[in-house]
Amino acid sequence: MDSVLDIARWQFGITTVYHFLFVPLTIGLTALIAVMETIWLRTKNPEWLRLTKFFGKLFLINFAIGVVTGIVQEFQFGMTWSDYSRFVGDIFGAPLAVEALLAFFLESTFLGLWIFGWDKLPRGLHAACMWLVHFGTLFSAWFILAANSWMQHPVGYRYSAVNGRAQLVDFWAVMFNKVQLVTFPHVITAAYMTAGSFILGVSAWLYVSKKHEQDKALYHKGLRFGGWIMLVAGVLVAITGDAQGKVMTEVQPMKMAAAEGLYDTVDSNAGFSIFTVGTPDGQEEKFAIKIPGLLSFLATGSTSGKVEGINDLRAQYQKEFGQDPGARYYDPSGNYSPVIPVTYWSFRYMIGFGVLAAFFGALILFLTRKGRAPTSKWFARMAIWTPIAMTLGNAFGWIFTEMGRQPWIVFGLMTTSNGVSPGVSALEAWISVITLTLLYAVLAVVEIGLILRFAKRGADPFQEPPDPSRDSDDEDRPLAFAY
């Protein structure tokens, strides 16, 4: 693996997956922290304020590391993918620019007000700041996913043969791409499920800790809250994922075929394999556990639906795109299909880890019903593994989405091999990927260390924050929400 293309793909894969570890948790926690603070305002129960401030600390750690890792994503388009940037810059740049100028400023401004405004803003206005932070994360996700959805299903553009670029002609078509309309709710509901698993996991871990015996009621409340969020969001993840699969089959039938390792077209009742033993590329099957008709249902909404196979689609793409070796849409391998084992297993790991996390969440809810207090070691292990399983499910979902599109960097318009920077040497690419990987490894140690350090401390004792709307005396006020 010494070509610039291979190294650039590894670099982008490492940095993208690493960055996406933080994104769902950030989006979900902003919503759940806002909910907890709102509940405190309505009920005046001090436990909800303690949970708000406790998970607010953990959120800020995650947010800070996530911002640092996200900045690198922008630079990579010019560093190792300059041909891609030149081709789609007129389109891809628009939603990313709006995201930076509008959504991120909304997030950062009101997050600052939330951090430093505990003793300066009226309580209702202070809670509204976190709601606005959450809306900012939603806007940010919308614009970024719109850019990615355009890569999956390019619309609202025209190709200029004069300058060899794709040009934006309909901004709203890009914003409301059919892929975007199903991807956004799937990603956001998964973010809520991720945040719920995090709150459940941390709370359940502290719940069985002897060090925090006096706060069992507090963490019981936290784990029940996170567990119910997980279950509700999990149902929505399944519904939106089903809708996304049908649109995916419509615009990228090769991705669905690769997800099952389906080489030959099945006209009706295509089965979905839960587990398969065979060759890595799926061409020879020795043993499989299949659910009849499930693949047809996932792809078309009917068990009698037709699912096209890899061989037929490959022949179709070779005929459509393989006639001009110098074209941006020409694949030198002539394969026009993704790496089947990666696509096949990442699809199952995505579903499997998500289901496992939901199962752990439901089991923890069951074991703690009606005030029950389990103390076994496996309960604590299950609490730790719940958010880990959910995070892995998110990561494999992102890997499936991007790897399943290969060999296209923009489906039907440009192959990945044609998007890499021509002026970057293999040595330069290696230096870049090694440097970023080591940097991210250090950040991972910092992130995990800080999360564990502040999580082990538990929630601070209750301290009634001042209410500036009722108290006009500015003397001797405590410091703002300080970390």
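Let me sum up the structure you'll find in this document. (Residues numbered from 1 in each chain as written. Predicted model: local features only at pLDDT ≥ 70, side-chain atom pairs only at ≥ 80, totals over all residues. Heavy atoms only, no water.)

**Focus: the packing of helix 3 (residues 46–79) against helix 14 (residues 426–457)**
- At a minimum axis separation of 9 Å, helix 3 and helix 14 run at an interaxial angle of 170 degrees. If you check the angle between helix 3 and helix 14, you find them roughly antiparallel. Contacts from Phe54, Lys57, Leu58, Ile61, Asn62, Ile65, Val68, Thr69, Val72 and Met79 of helix 3 reach helix 14 at Ser432, Leu436, Tyr440, Leu443, Val446, Glu447, Leu450, Ile451, Phe454 and Ala455.
- Among the residues making up the contact of helix 3 with helix 14, the classes are represented as 15 nonpolar, three polar and two charged. (Axes fitted to C-alpha atoms, helices over the stretch in contact; angles between N-to-C directions. Helix = DSSP H or I, 4+ residues; strand = E, 2+ residues; numbered from the N terminus. Parallel < 35°, antiparallel > 145°, perpendicular 65-115°, else oblique. Contact = heavy atoms within 4.5 Å. Nonpolar A, V, L, I, M, F, W, Y, C, P; charged D, E, K, R; others polar.)

**A few points about helix 13 (residues 377–403)**
- Given a rise of 1.5 Å per residue, 27 residues ought to cover 39 Å, and the 38 Å separating the end C-alpha atoms of helix 13 matches this to within 8%.
- When the local axis directions of helix 13 are compared, the greatest deviation, roughly 25 degrees, occurs at Trp385, which is followed within four positions by the proline Pro387. (Expected span 1.5 Å × (residues − 1). Bend = angle between axes of the 7 residues up to and from the residue.)

**Here's the deal with the layout of surface pockets**
- Here the largest pocket defines a volume of roughly 1,600 Å³.
- Taken together, 50 residues line the largest pocket, and the ones lying closest to its centre are Phe12, Thr16, His19, Gln73 and Trp398.
- Of all the secondary structure elements, the ones that give two or more residues to the lining of the largest pocket are helix 1 (4–20), helix 2 (23–43), helix 3, helix 4 (82–116), helix 5 (123–152) and helix 13.
- With 10 residues, helix 1 is the single largest residue contributor to the lining of the largest pocket.
- Its residues assigned to classes, the lining of the largest pocket shows 31 nonpolar, 12 polar and seven charged.
- In this model, the second largest pocket occupies a volume close to 1,100 Å³.
- What lines the second largest pocket is a set of 44 residues, and nearest its centre among them are His186, Val237, Gly241, Met350 and Ile351.
- Among the elements of the structure, helix 5, helix 7 (178–207), helix 8 (216–251), helix 9 (253–260), strand 3 (272–278), helix 10 (294–300), helix 12 (340–367) and helix 13 are those that each provide at least two residues to the lining of the second largest pocket.
- Considering every element that reaches the lining of the second largest pocket, the biggest residue donor is helix 8, with 10 residues. (1 Å grid on protein atoms, 1.4 Å probe; cavity = no way out; pocket = protein on both sides within 12 Å on 5 of 7 lines; lining within 4 Å. Points joined across faces, edges and corners; volume = space filled by probe spheres on them.)

**Overview of a positive patch on the surface**
- On the surface, a cluster of positive charge is contributed by Lys211, Arg453, Lys456 and Arg457.
- Among the secondary structure elements, Lys211 is positioned in the loop between helix 7 and helix 8.
- Residue classification places Lys211 among the exposed positions, given a relative accessible area of 60%. (Patch = residues over 30% accessible without salt bridge, like charges linked within 9 Å, V, L, I, M, F, W, Y side chains within 5 Å. Areas by Shrake-Rupley, 256 points an atom, 1.4 Å probe, with all protein chains shown as cover. Salt bridge = Lys/Arg side-chain N within 4 Å of Asp/Glu carboxyl O. Lys, Arg positive; Asp, Glu negative; His and termini not counted. Charge placed at Lys NZ, Arg CZ, Asp CG, Glu CD. Buried < 20%, exposed > 50% of the residue type's maximum accessible area, 1.4 Å probe, protein only.)

**Some points on unusual backbone geometry**
- With omega at 10 degrees, the peptide bond leading from Gln406 into Pro407 counts as cis.
- Within the chain, Lys44 stands out as a residue other than glycine whose phi angle is a positive 60 degrees.
- Tracing the chain through its elements places Lys44 in the loop between helix 2 and helix 3.
- The phi dihedral of Tyr336 is positive, around 55 degrees, even though this residue is not glycine.
- Looking at the element boundaries, Tyr336 is found in the loop between helix 11 (310–321) and helix 12.
- The buried category is assigned to Tyr336, whose relative accessible area is 2%.

**Brief notes about the pairing of strand 1 (residues 157–160)**
- Note: strand 1 against strand 2 (residues 165–168), four bridges, orientation antiparallel. Bridge pairing in strand 2 links Tyr159 to Ala166.
- Counting the residues in the hairpin turn of strand 1 and strand 2 gives four residues, including Gly164, whose phi is positive at 65 degrees. (Pairing = 2+ DSSP bridges.)

**Observations regarding a nonpolar patch on the surface**
- Taken together, Val232, Val235, Leu236 and Ile239 make up a surface patch of nonpolar side chains, about 360 Å² in accessible area.
- The topology assignment puts Val232 in helix 8.
- Judged by its relative accessible area of 54%, Val232 falls in the exposed class.

**Structural notes on the side chain of Ser432**
- Topologically, Ser432 is positioned in helix 14.
- Overall, the relative accessible area of 14% leaves Ser432 in the buried class.

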